[in-house]
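# Coordinate analysis (summary)
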Amino acid sequence: MYTEKVMDHFQNPRNVGEIENASGVGTVGNAKCGDIMRIYLDIDENKVIRDVKFKTFGCGAAVATSSMATELVKGKTIYEALQVTNKAVMEALDGLPPVKVHCSLLAEEAIHAALWDYAEKHDIKIEGLEKPKSDIHEDEEEEEEEY
Amino acid sequence: MDRLIYLDNAATTKTAPEVVEAMMPYFTEYYGNPSSVYGFAAANKEVVTAQREKIAGALGAAPNEIYFTAGGSESDNWALVATAEAYGAKGKHIITSKIEHHAILHTCEYLEKRGFEITYLDVDGNGEVKLEQLREAIREDTILISVMFANNEIGTIQPIQEIGAIAKEHGILFHTDAVQAFGQVPIDVDACHIDMLSASGHKLNGPKGIGFLYIRKGVKIRSFIHGGAQERKRRAGTENVPGIVGFGKAAERAVTTMKERTAKERELRDYLIKRIETEIPYCRLNGDRANRLPNNINFSFQFIEGESLLIMLDMKGICASSGSACTSGSLDPSHVLLAIGLPHEIAHGSLRLTLSDETTKEDLDYVAESLKEIVQNLRNMSPLYEDFVKKQSK
């Protein structure tokens, strides 16, 4: 069902983890649908993404697209990172099954959400960046159930 | 990775070698059509009858109450649609449960579009139908109650005898989907007041593509497949003789080995359940702890998603299944897990392991070790787990 590249990025995901005091953090998706992605960006004074980490709750494609997205933005300027589309992520993975295309959209959105957070924190405006829609922090009030 | 540990026996089972052996001659030697006149083929009619007797014996039914079909889904469709047609003049109300197989639920939706009213009974947290609610749901125009014998996902066995008694008391037909239960637990159609029962061959080490519908004598349900006099004119089509022979052999095998086999499976099942519960935190056993199919294990692991878990297990040679949305082809997780009250995110992280008589303790130790490692790895990658840990340390 998945390409070799997807399987590789799922089994050996690149850049898993957290960044303390990250320049920007974005979380998108929601647990109800079964996908949540969180991206941490460490951005230097030249607006270059020095480091990037991710955490993902989701299926194989969700993990693989997160992993690939981090690879694609690492070392890029924030403006270049903004140009990394879901299509680019999919192509880099040699494609995704049709039902999993939304995972690549989520990965693009997660990058945008992290960039948005960075822009807000540093009080700058990034040309072409819109406020991400599915940032779960907007409606995170729902308490998680435990047992 | 040469190791293969198959723990998806609720999906399908390995066809037993003796079953295949019994079937083989009916492909290559005795291939005649049982409806033919000449002796070469007509002997196959007796062969089919002999299998019918074996299967009827396993249920406490009469041989002429067993109608062979192409499988469990056909049997379920037939039972519902044909009953609705035959008894539609008497009433348009059918009662079923929220945790039925889609062969029942989708057929109910089909009937709803054709003027029937369906009541979907709730289940409790263990997946058991609430008898009180069933009693209250019964109306003047209720023609059928259809509740599965045991659930395919969480393994919970329903109070079939009590449901049957309620149906009988009100003069309502009672159908049960016993696809998972047949060959796993003893079934007596008279004691349970069952009027119709669906079963399938490939769930009990028989071949795929063969099933049956038990129809109690006197129930006036019509033909579903038209075009011939086979199966007492109620199910047309040349008999799948090799399939029927295989099913007969498999049923015989399942019944004779049931006590010993299921005792062993229960022991192994409880062993793995205990290991998972004591060694993996934040998990939940789904389904009734005691009143469940002998080979069924179903867990939810918090903070992780089922498909990821399945792929990781597959890498280690372990075949399992999940009720996560990603594995169901829809956006919602399993309707069964939602019906027992699990929140979406927990239902997404479910895992079903179903044992066979070939499963060993060694296999399960390997599964427990693999599962421990995989769940931890996925949690380390999960933002939900990260948030949870941070909240805990506050």
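Remember, it's a predicted structure, so these values are computed and weren't measured experimentally.

Right, let's talk about the overall build of chain A for a bit. If you tally the helices and strands in chain A, you get five helices and three strands. For 147 residues, the compact-globule estimate of 2.2 N^0.38 gives 15 Å, and chain A sits close to it at 15 Å. Its C-alpha atoms give chain A principal-axis dimensions of about 45 × 40 × 25 Å. Scored against the burial criterion, the 147 residues of chain A give a buried share of 47%. Partitioning the contacts of chain A with sequence separation of at least 6, the portion at a separation of at least 24 is 61%.

Our next topic: the overall build of chain B. Counting its secondary structure elements, chain B contains 14 helices and 12 strands. Taken against the 2.2 N^0.38 rule, which gives 21 Å for 394 residues, the C-alpha radius of gyration of chain B at 22 Å falls within 12% of a compact globule. Considering only C-alpha atoms, chain B reaches an extent of 80 × 55 × 35 Å along its principal axes. Considering only contacts within chain B whose residues lie at least 6 apart along the sequence, 71% involve residues at least 24 apart.

Here we come to the pairing of strand β3 (residues 93-97) of chain B. All names here are of chain B. The element β3 is largely enclosed, with a buried count of four among its five residues. As defined by bridge partners, β3 adjoins strand β4 (residues 117-121) across five bridges and the pair is classed as parallel. Each residue of the ladder has a partner; that of isoleucine 94, found in β4, is isoleucine 118. Running through helix α5 (residues 102-112), the crossover from β3 to the neighbouring parallel element β4 is right-handed.

Put simply, an interface is often sized by how much accessible area is lost when its parts join up. Residues and elements named next belong to chain B. Looking at chain B, the domain boundaries give domain 1 (5-12 + 258-393) and domain 2 (17-254). A straight line from the C-alpha centre of domain 1 to that of domain 2 covers 29 Å. On the domain 2 side, the residues contacting the 22 residues of domain 1 number 22 residues. Looking at the side of domain 1 that touches domain 2, the elements with two or more residues in it are α8 (241-279), β10 (296-301) and α11 (335-339).

Residue and element names in this part refer to chain B. Pairing is antiparallel in the open sheet, where three strands are placed in the order β9-β10-β12. Taken across any chain shown, the strands that pair with only one partner, and hence form the sheet edges, are β9 (283-285) and β12 (350-354). Strand-to-strand twist of the sheet, defined as the mean angle between neighbouring strand axes without regard to direction, takes the value 25°. Bridge count between β10 and β12: five bridges; the pairing is antiparallel. Paired with phenylalanine 299 across the bridge in β12 is leucine 351.

Let us now look at helix α7 (residues 160-169) of chain B. Residue and element names in this part refer to chain B. Those residues of α7 lying buried are Ile160, Ile163, Gly164 and Ala167. Angularly, the buried residues of α7 cover 100° about the axis, an arc narrow enough to put them on a single face. The inward-facing, buried residues of α7 abut α6 (131-137), β5 (142-146) and β6 (173-177). In the stretch just after α7, glycine 171 is the one whose phi turns positive, near 65°.

Turning next to the packing of helix α1 (residues 4-11) of chain A against helix α2 (residues 60-73) of chain A. Residues and elements named next belong to chain A. For the pair α1 and α2, interaxial distance at closest approach is 8 Å and the crossing angle is 85°. Considering the angle they form, α1 stands roughly perpendicular to α2. Within the contact between the two elements, α1 uses Val6, His9 and Phe10 and α2 uses Gly60, Ala61, Val63, Ala64, Ser67 and Met68. Residues belonging to the contact of α1 with α2 are distributed by class as follows: six nonpolar, three polar and no charged.

Turning to the interface of chain A and chain B, a few remarks are in order. Listed as interface residues are 22 residues of chain A and, on the opposing side, 23 residues of chain B. Secondary structure elements with two or more residues in the side of chain A that touches chain B: α1, β2 (35-43), β3 (49-57) and α2 of chain A. Here the side of chain A that touches chain B gets three residues from one element, more than from any other, and that element is β3(A). Residue composition of the side of chain A that touches chain B, by class: 11 nonpolar, six polar and five charged.

This part takes up unusual backbone geometry. A positive phi angle is found at A:Asn15, which is not glycine, with a value near 60°. On the basis of neighbour counts, which here come to 19 C-beta atoms within 10 Å, the residue A:Asn15 falls in the partly exposed class. Of note in the backbone geometry, B:His193 takes a positive phi value of approximately 55° without being a glycine. With respect to the helices and strands, B:His193 occurs in the loop between β6 and β7 (196-200).

So, how was this worked out
- Residues numbered from 1 in each chain as written.
- Chains lettered and ligands numbered in written order.
- Predicted model: local features only at pLDDT ≥ 70, side-chain atom pairs only at ≥ 80, totals over all residues.
- Helix = DSSP H or I, 4+ residues; strand = E, 2+ residues; numbered from the N terminus.
- Rg over C-alpha atoms; globule rule 2.2 N^0.38 Å.
- Buried ≥ 20, exposed ≤ 12 C-beta atoms within 10 Å, placed from the backbone.
- Contact = placed C-beta atoms within 7 Å.
- Pairing = 2+ DSSP bridges.
- Right-handed = clockwise from strand over helix to strand, strands pointing away.
- Domains from an automatic or database assignment.
- Axes fitted to C-alpha atoms, helices over the stretch in contact; angles between N-to-C directions.
- Arc of directions from axis to C-beta.
- Parallel < 35°, antiparallel > 145°, perpendicular 65-115°, else oblique.
- Nonpolar A, V, L, I, M, F, W, Y, C, P; charged D, E, K, R; others polar.

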